[in-house]
Amino acid sequence: MKKLKRKDYEELLEPMQVELAAMARWIAAAGKRLVVLFEGRDTAGKGGAIDAIREHLNPRQCRVVALPKPTEREAGQWYFQRYAAQLPAAGEVALFDRSWYNRAGVEQVMGFADGAQVKAFLSQAPAFEKQLADDGILLFKYWLCCDQAEQEKRFAERSQDPLKRWKLSPIDLEARKKYADYTKAREAMLKATHTDYAPWTLVDFNDQRLGRLTLIRDLLDRLPDTHIPDAKLRLPKLTGKPHKERYGVLQPIPVFHPKD
């Protein structure tokens, strides 16, 4: 299947980003709390989807949560504790680039959590999410799907691209051998944690641009279509001549010219 061209993607994305800005105004005005979880295989496209959503939103309102490996102290806490600390306050949006579902995915497959811990998580996660939903948090859980052949292609691209090499960790490389194990873990996770109050939505991300558009459209369609108009803004007229920038003692560096 032919992948979506960048030009077509950008034309389709722009009106959705306008809707996302309107959504953010509604979240702020209504004092709602929005949590979106992005889960999926390595290279699936979680970061790109998050960037497309937050690009034109106020960073003070919309936060990306991408937690590192737990510290020694965090490892001794209630498992959900460090994630609960990242939940939004009234009027805020939290986008989780991976989430508490690490336990049912990478931690299980790579041997960082034992069977008892995974079993406890699968039992406790629905209860934890029920509390969030009951407290009024809008919770959306997305799993980004990617075939192994496409994943291998993206791994190869990252290995050759100096701007993307940071995305490849030793764990990512080791996980390449465990595609089937991740599938098995995912199916058990979906079965245990797909609920009426916090359902999973699977999105095909073999074409990342098309996947982003599909995910954003779905998210927007699931939220109330409440229009909060932009505040009227009128810039007062300047009086006198516009001032030029003063540099004082220090001078700016020379302007960059591409042909230099």
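Residues numbered from 1 in each chain as written. Predicted model: local features only at pLDDT ≥ 70, side-chain atom pairs only at ≥ 80, totals over all residues. Heavy atoms only, no water.

Engineer: Could you give an account of the pattern of salt bridges, naming the residues involved and the relevant values?
Structural biologist: Counted by the stated rule, this structure contains 17 salt bridges. Note that R103 is salt-bridged to E107, the shortest N-O span being 3.0 Å. Comparing R103 with E107, the two get one shared label, buried. Look at the salt bridges and you will find they share partners, linking K3, E150 and R154 into a network. (Salt bridge = Lys/Arg side-chain N within 4 Å of Asp/Glu carboxyl O. Buried < 20%, exposed > 50% of the residue type's maximum accessible area, 1.4 Å probe, protein only.)

Engineer: I'd like to hear about helix 1 (residues 6-30), residue by residue, with values.
Structural biologist: Since the α-helix turns once every 3.6 residues, residues separated by three or four places project in the same direction. With 25 residues, helix 1 should reach 36 Å at 1.5 Å per residue; the first-to-last C-alpha distance of 35 Å fits that figure. Of all the residues in helix 1, the buried ones are Y9, L13, M16, Q17, L20, A22, M23, A24, W26 and I27. For helix 1, the secondary structure elements touched by its buried residues are strand 1 (33-40), helix 2 (46-54), strand 3 (92-97), strand 4 (138-145) and helix 10 (208-222). Phi turns positive, to about 70°, at G31, one or two residues after helix 1. (Helix = DSSP H or I, 4+ residues; strand = E, 2+ residues; numbered from the N terminus. Expected span 1.5 Å × (residues − 1). Contact = heavy atoms within 4.5 Å.)

Engineer: Let's hear about the side chain of R82: which residues, and what values?
Structural biologist: Tracing the backbone through its elements, the reader meets R82 in helix 4 (residues 81-84). For R82, a relative accessible area of 13% translates into the label buried. With sequence-adjacent residues up to four places away left out, R82 is seen in contact with L67, P68, K69, P70, E74 and Q77.

Engineer: Please provide a residue-by-residue account of the UniProt feature "domain: Polyphosphate kinase-2-related" (unreviewed entry) in the protein, values included.
Structural biologist: Here, UniProt's "domain: Polyphosphate kinase-2-related" (unreviewed entry) annotation points to residues 4-227. Structurally, residues 4-227 is divided into 51% helix and 14% strand, and its ends, taken at the C-alpha atoms, are 30 Å apart. (UniProt positions renumbered as here; feature names shortened; annotations may be inferred.)

Engineer: If you had to explain the packing of helix 2 against helix 10 to someone new, which residues and values would you point to?
Structural biologist: Angle between the axes and distance between the axes: these two values describe a pair of packed helices. Running from amino to carboxyl end, helix 2 crosses helix 10 at an angle of 50°, the nearest separation of the two axes being 10 Å. Relative to helix 10, the element helix 2 lies oblique. Where helix 2 crosses over helix 10, the two elements pack in a sense that is right-handed. Contacts between helix 2 and helix 10 involve G48, A49, A52 and I53 on the former and, on the latter, R212, L215, I216 and L219. In the contact of helix 2 with helix 10, the residues fall into 6 nonpolar, 1 polar and 1 charged. (Axes fitted to C-alpha atoms, helices over the stretch in contact; angles between N-to-C directions. Parallel < 35°, antiparallel > 145°, perpendicular 65-115°, else oblique. Left-handed = near helix turned anticlockwise from the far one by under 90°. Nonpolar A, V, L, I, M, F, W, Y, C, P; charged D, E, K, R; others polar.)

Engineer: Give a detailed account of the state of the cysteines, specifying residues and quantitative values.
Structural biologist: Per the counting criterion, the structure on display carries 0 disulfides. For the unlinked cysteine C146, the closest cysteine sulfur is that of C145, found at 8.9 Å. With a relative accessible area of 3%, C146 lands in the buried category. (Disulfide = S-S within 2.5 Å.)

Engineer: Explain the environment of E14 to me, and be specific about the residues and the numbers.
Structural biologist: Mapping E14 onto the fold places it in helix 1. When its relative accessible area of 55% is taken as the criterion, E14 is described as exposed.

Engineer: Tell me about the sheet that holds strand 4, and name the residues and values.
Structural biologist: Strand order in this open sheet of 5 strands is 2-3-1-4-5, and the pairing throughout is parallel. Bordering the open sheet on either side are strand 2 (62-65) and strand 5 (200-204), each of which pairs with just one other strand. Ignoring which end each strand starts from, the neighbouring axes of this sheet average 20° apart. Of the pairings in the sheet, the one linking strand 4 to strand 5 comprises 5 bridges and is parallel in character. Directly across from W143, in strand 5, lies its bridge partner L202. (Pairing = 2+ DSSP bridges.)

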